[in-house]
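# Tertiary structure, described
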Amino acid sequence: MAVTRLKRKDRRNKTFAKLDVKNLKLATNIELGSRSRQSTKDQLAKNNAVLLKLTTNA
């Protein structure tokens, strides 16, 4: 079977599609009761705790 080279536009679309899938996987929301429970040592969780403390004091 001959391997055909993709045109520049198709190569660009292929790489952007790959990046879109990667970004979507990273940006999934963590829902309550989900198997992927957010860690308490996570930087995002620490930031949320600090913000919560500041808003309750204000």
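Look a little higher up for the structure.
Residues numbered from 1 in each chain as written. Predicted model: local features only at pLDDT ≥ 70, side-chain atom pairs only at ≥ 80, totals over all residues. Heavy atoms only, no water.

So, about the overall build of the protein. Of the regular secondary structure elements, the protein holds 2 helices and 0 strands. Scored against the burial criterion, the 58 residues of the protein give a buried share of 0%. In the form shown here, the protein has an accessible surface area of approximately 6,300 Å², with 58% of it arising from carbon and sulfur atoms. (Helix = DSSP H or I, 4+ residues; strand = E, 2+ residues; numbered from the N terminus. Buried < 20%, exposed > 50% of the residue type's maximum accessible area, 1.4 Å probe, protein only. Areas by Shrake-Rupley, 256 points an atom, 1.4 Å probe, with all protein chains shown as cover.)

This part takes up a nonpolar patch on the surface. A surface patch of nonpolar side chains, about 290 Å² in accessible area, is lined by Val-50, Leu-51 and Leu-54. Along the chain, Leu-54 turns up in helix α2 (residues 43-57). (Patch = residues over 30% accessible without salt bridge, like charges linked within 9 Å, V, L, I, M, F, W, Y side chains within 5 Å. Salt bridge = Lys/Arg side-chain N within 4 Å of Asp/Glu carboxyl O.)

Purely geometric stuff here, so don't read any function into it on its own.
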